[in-house]
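Per-entry structural report
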Amino acid sequence: MAERRGPLYLARASYRRRRLIDALRLLPFLMFGLWLLPLLWGGEGTDQPVGAGARAFLHVFVVWALGLVAAALLTRRLSQGEAATERVTAQKGPDAGGGR
């Protein structure tokens, strides 16, 4: 009979690092979708053209600013996690890295 293998668990630090990378990759698409949101305002049934007005311009710049802040925070957390991983590896010694 074949051996039963237990579930494969990833290390918590590498799992979180990969999720942060995934979030950074998805962020431009999320921001683009939010940026296009003013196109849904106005248009048919109103006397304003689609996406017109100060509210739409304000929305575009607020979304842009929030995208910059979100990218900066995610990048900072990612770099802090890498620094912590390097410290742990350095404390264990040069052979603990499990080289490739």
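**Notes on the side chain of His59**
The topology assignment puts His59 in helix H2 (residues 54–92). Using a relative accessible area of 16% as the deciding quantity, one classes His59 as buried. For His59, the side chain forms a polar contact with the main-chain oxygen of Leu34, separated by 2.7 Å.

**Quick look at a nonpolar patch on the surface**
A cluster of nonpolar side chains, Phe32, Trp35, Leu36, Leu39, Phe57, Phe61, Trp64 and Leu68, forms an exposed patch at the surface whose accessible area comes to about 920 Å². If you tally residues by element for the nonpolar patch, the top one is H2, at four residues. If you trace the backbone, Leu39 turns up in the loop between helix H1 (12–35) and H2. A residue is classified by how much of its surface remains accessible, and Leu39, at 52% relative accessible area, is exposed.

The rules behind each value
Residues numbered from 1 in each chain as written. Predicted model: local features only at pLDDT ≥ 70, side-chain atom pairs only at ≥ 80, totals over all residues. Heavy atoms only, no water. Helix = DSSP H or I, 4+ residues; strand = E, 2+ residues; numbered from the N terminus. Buried < 20%, exposed > 50% of the residue type's maximum accessible area, 1.4 Å probe, protein only. Polar contact = N/O pair within 3.5 Å; in protein donor to acceptor, adjacent residues only side chain to side chain. Patch = residues over 30% accessible without salt bridge, like charges linked within 9 Å, V, L, I, M, F, W, Y side chains within 5 Å. Areas by Shrake-Rupley, 256 points an atom, 1.4 Å probe, with all protein chains shown as cover. Salt bridge = Lys/Arg side-chain N within 4 Å of Asp/Glu carboxyl O.

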